Protein chains: 2
Amino acid sequence: MRQILLRLKYLGTDYHGWQVQDNGIVTVQSTLQDALESIFGERIDVVGCSRTDAGVHANDYCCTFRTDADTTCYKIQGALNFKLPPDVKVFSVTEVPDDFHPRYSCTAKQYIYRIHNSVAPDPFLDGRALLYKPVIDADMLDRQAKDFIGTHDFTSLCGAKSDLEDMTRTIYDASVTRDGDEVTFSVTGDGFLYNMVRIMVGTLLFINEGKFEQGYIPKLLELKDRTKAGRTAPAHGLYLNKVFYGGEAGGGEEV
Amino acid sequence: MRQILLRLKYLGTDYHGWQVQDNGIVTVQSTLQDALESIFGERIDVVGCSRTDAGVHANDYCCTFRTDADTTCYKIQGALNFKLPPDVKVFSVTEVPDDFHPRYSCTAKQYIYRIHNSVAPDPFLDGRALLYKPVIDADMLDRQAKDFIGTHDFTSLCGAKSDLEDMTRTIYDASVTRDGDEVTFSVTGDGFLYNMVRIMVGTLLFINEGKFEQGYIPKLLELKDRTKAGRTAPAHGLYLNKVFYGGEAGGGEEV
């Protein structure tokens, strides 16, 4: 049985996230599984690297499936991209060892959050970046974002739906950069709690607006209280940007 | 009577070009005029800087209208962006002198043509760049593109629909550049014939594929025969990128 790793880009706007849902709602996973079924003539289950929420995008989403078919990776990519809709496409297909797991083998993930810092909407960024009118001090927010780096209990930055026990995660890097009127928050960590990146962004924007003072983030982490953080930023600015795998596991990028 | 200059960005995918058509087909101009009518309570005619074809995009489209209303430019921009659909937005509103004309005052225009040079489609470039699989030698095509520069009779690069008498245009600059798997053709000139940029791109791609030899463009211009040029590249890679106005006329960028 071969294990095949697919790396996808998708525009999440018209999907209820990655994960298959019971009620027949269209998700990226269900769309991909339908395409695989039409190619291989049997139901094929896909294992993803993470859940993404409704409306969240991916520049590099990793997932695997198993098959006995000897179809080449090149042909699988072509057939999948022929079957898939324009907003979900496969940019890499490789065979990986049997013990590779898209979620458990993952050593780190990088998310980016795109903000269009302007008074006027941009048709090319509609649904792809948050339109945010107050002027962002990107250098100041970059300094604030550095306070997320390290191993912390992120209870204050976890959405209400979470029922995880261990809220500790390690953030390797976090930054805020500006390119013209586009501001990008980038964060790399070993894992992320429910809505964590979007709450990080909402908290940074509250600091930008003076609703929280500069230097607030270490205090917020201490408080372990979601109600003390900023709003959850909308899904449509968020991208799963890179998935890292260590060693020889193949696929994605190495840390 | 005030003359107001609007600068727009639009995603042309769902529009039959700029120009109002008789048959009630949705165009950018008709959409904009509908929005202005709902704001000012009367039919307002808009004069554009050029026609764009169905499916062509704009990063900077300039057009004007006249009104007796004393509404501030700031309020006009806000009201228009509220009324306009997500794929057409106004990023600048200014008052210009009475003798300014968006087409006749224009000294130059710049178009870009975006090519996604890859075997796999990218959801984020769908409808926004031409997917082109053969590897592009961007440095070589850049050298070829330089042959467009200068004042030439561009009959060989004019689509069949044109009935203009004078086919002479001056191209100030032309280039092909690569950024990862995105290749961009950029061309600036005092004016462009029907489909001229798209035929330039089709001709460059034929050179890339070896269907025309390197150094073919000066010969093509001599031939004055559309059938000797490359195919017309699809509309969805083309963007009106900048519109230049000389002197004090205001609006757009100066050459």
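None of these values were measured; they are calculated from a predicted model.

Student: So what's going on with the domain arrangement of chain A? Which residues, and what values?
Tutor: All names here are of chain A. By the assigned domains, chain A splits into domain 1 (2-96) and domain 2 (107-245). On the side of domain 2, 17 residues touch domain 1, which itself brings 15 residues to the contact. Counting the surface lost from both domain 1 and domain 2, the interface buries some 1,200 Å², and carbon and sulfur atoms represent 53% of this. Contact with domain 2 buries area across many residues of domain 1, yet Asp 53, His 57 and Asn 59 alone supply 40% of it, more than any other trio. Viewed at the interface, domain 2 and domain 1 are joined by one salt bridge. Scanning the region where domain 1 abuts domain 2 turns up nine residue pairs in polar contact (both at pLDDT 80 or more). Partitioned by chemical class, the residues of the side of domain 1 that touches domain 2 number seven nonpolar, five polar and three charged.

Student: I'd like a rundown of the pattern of salt bridges, residues and numbers included.
Tutor: Scanning the entire structure with this criterion turns up 20 salt bridges over all chains. Measuring nitrogen to oxygen at the nearest pair gives 3.1 Å for the salt bridge that ties Arg2(A) to Glu95(A). Here Arg2(A) is found in strand S1 (residues 2-10), whereas its partner Glu95(A) is found in strand S4 (residues 88-96), with 93 residues between them in sequence. Taking relative accessible area as the criterion, Arg2(A) reaches 17% and is therefore assigned buried. Among the residues examined, Glu95(A) registers a relative accessible area of 47% and is labelled partly exposed. Its salt-bridge partner being Arg114(B), residue Glu182(B) comes within 2.9 Å of it at the nearest N-O pair. Here Glu182(B) is found in strand S9 (residues 182-189), whereas its partner Arg114(B) is found in strand S5 (residues 106-117), with 68 residues between them in sequence. Judged by its relative accessible area of 23%, Glu182(B) is partly exposed. The network of salt bridges with common partners includes Asp34(A), Glu37(A) and Arg43(A).

Student: So, the interface of chain A and chain B: which residues are in play, and what are the values?
Tutor: Opposite the 22 residues of chain A that make contact, chain B presents 22 residues. Surface buried jointly by chain A and chain B totals about 1,600 Å² across both partners, of which 69% is contributed by carbon and sulfur atoms. Taken as a group, Pro123(A), Phe124(A) and Arg128(A) account for 39% of the area that chain A buries against chain B, more than any other trio of residues on that side. Applying the counting criterion to the chain A and chain B interface returns zero salt bridges. Considering every element that reaches the side of chain A that touches chain B, the biggest residue donor is S4(A), with four residues. For the side of chain A that touches chain B, a count of residues per class yields twelve nonpolar, four polar and six charged.

Student: Describe in detail the relation of the copies chain A and chain B, supporting the description with residues and values.
Tutor: Least-squares fitting of chain A to chain B yields an RMSD of 0.0 Å, with the transformation described by 0.0 Å of translation along the axis and a rotation of 180°. Taken together, the rotation angle and the small translation identify this as a two-fold axis. Among all residues of chain A, the one whose C-alpha sits closest to the rotation axis is Phe124(A), at a distance of 5.1 Å.

Student: An account of the environment of Asp147(A) is requested, with residue identities and associated values reported.
Tutor: Residues and elements named next belong to chain A. With respect to the helices and strands, the residue Asp 147 is situated in the loop between helix H3 (138-145) and strand S7 (150-153). Taking the relative accessible area as the measure of exposure, Asp 147 reaches 27% and is therefore partly exposed. Remark: the alpha-carbon pair of Asp 147 and Ala 174, spanning 27 residues in sequence, is separated by 8.4 Å. Leave out the neighbours within four places in its chain, and Asp 147 touches His 152, Gly 215, Ile 217, Pro 218 and Leu 221.

Student: Explain the pairing of strand S8 (residues 168-179) of chain A to me, and be specific about the residues and the numbers.
Tutor: Residue and element names in this part refer to chain A. Where S7 lies against S8, four bridges are found, and the strand directions are antiparallel. Looking at the pairing, Thr 151 lines up with Thr 170 of S8. For S8 and strand S9 (residues 182-189), the ladder comprises eight bridges, and the chain directions are antiparallel. The partner of Thr 177 across the bridge, within S9, is Thr 184.

Student: Describe the packing of helix H3 (residues 138-145) of chain B against helix H4 (residues 196-208) of chain B, with residues and values.
Tutor: Residues and elements named next belong to chain B. Axis separation between H3 and H4 bottoms out at 10 Å; the angle between their running directions is 130°. One finds that H3 runs oblique with respect to H4. The handedness of the crossing between H3 and H4 comes out as right-handed. In contact with Met 140, Leu 141, Gln 144 and Ala 145 of H3, H4 contributes Leu 204, Ile 207 and Asn 208.

Student: So, the packing of helix H1 (residues 28-40) of chain A against helix H2 (residues 73-83) of chain A: which residues are in play, and what are the values?
Tutor: The angle between the axes and the distance between the axes are what describe a pair of packed helices. Residues and elements named next belong to chain A. The geometry of H1 relative to H2 is characterised by a closest axis approach of 9 Å and an angle of 120° between their N-to-C directions. Taken together, the axis directions place H1 and H2 in an arrangement best described as oblique. H2 is crossed by H1, and the crossing has right-handed handedness. Within the contact between the two elements, H1 uses Leu 32, Ala 35, Leu 36, Ser 38, Ile 39 and Phe 40 and H2 uses Ile 76, Ala 79, Leu 80 and Lys 83. Split by residue class, the contact of H1 with H2 holds eight nonpolar, one polar and one charged.

Calculation rules
Throughout this description, residue numbers start from 1 for each chain and increase along the sequence as written. Here chains are named by letter from A upward and ligands by number from 1 upward, in the order in which they appear as written. Per-residue local features are limited, in this predicted model, to residues with pLDDT of at least 70; the limit for side-chain atom pairs, both in listing and counting, is 80 or more; totals at the level of whole chains, interfaces and linings are taken over all residues. Values shown for side chains rest on all heavy atoms present in the structure; no hydrogens or waters enter the calculation. As used throughout, domain bounds are those supplied by an automatic or database domain assignment. The contact rule is simple, with two residues in contact once any of their heavy atoms fall within 4.5 Å. When two components associate, each loses some accessible surface as probed by a 1.4 Å sphere; the sum of these losses over both components is called the buried area. Salt bridges are counted wherever a side-chain nitrogen of Lys or Arg sits within 4 Å of a carboxyl oxygen of Asp or Glu. Polar contact is defined as a pair of N or O atoms within 3.5 Å, subject to the rule that within protein one atom must be able to donate a hydrogen and the other to accept it, and that residues adjacent in sequence are counted only when both atoms are side-chain atoms. Polarity classes work like this: nonpolar for Ala, Val, Leu, Ile, Met, Phe, Trp, Tyr, Cys and Pro, charged for Asp, Glu, Lys and Arg, and polar for all others, with Gly in that last group. Secondary structure elements are defined from DSSP: runs of H or I of at least 4 residues count as helices, runs of E of at least 2 residues count as strands, and each element is numbered from the N terminus. Burial status follows relative accessibility: with a 1.4 Å probe on protein chains alone, a residue under 20% of its type maximum counts as buried, one over 50% as exposed, and anything between as partly exposed. Only residues with pLDDT of at least 70 in both copies count here: their C-alpha atoms drive the least-squares fit that superposes the copies. Should DSSP find at least two bridges between two strands, the strands are taken to pair. Working convention: axes come from line fits to C-alpha atoms, limited for helices to the stretch in contact. Angles between N-to-C directions cover 0 to 180 degrees. For classification purposes, angles smaller than 35 degrees are called roughly parallel, those larger than 145 roughly antiparallel, those between 65 and 115 roughly perpendicular, and all remaining angles oblique. Left-handed describes a crossing whose near helix is turned anticlockwise from the far helix through less than a right angle; right-handed describes the clockwise counterpart.

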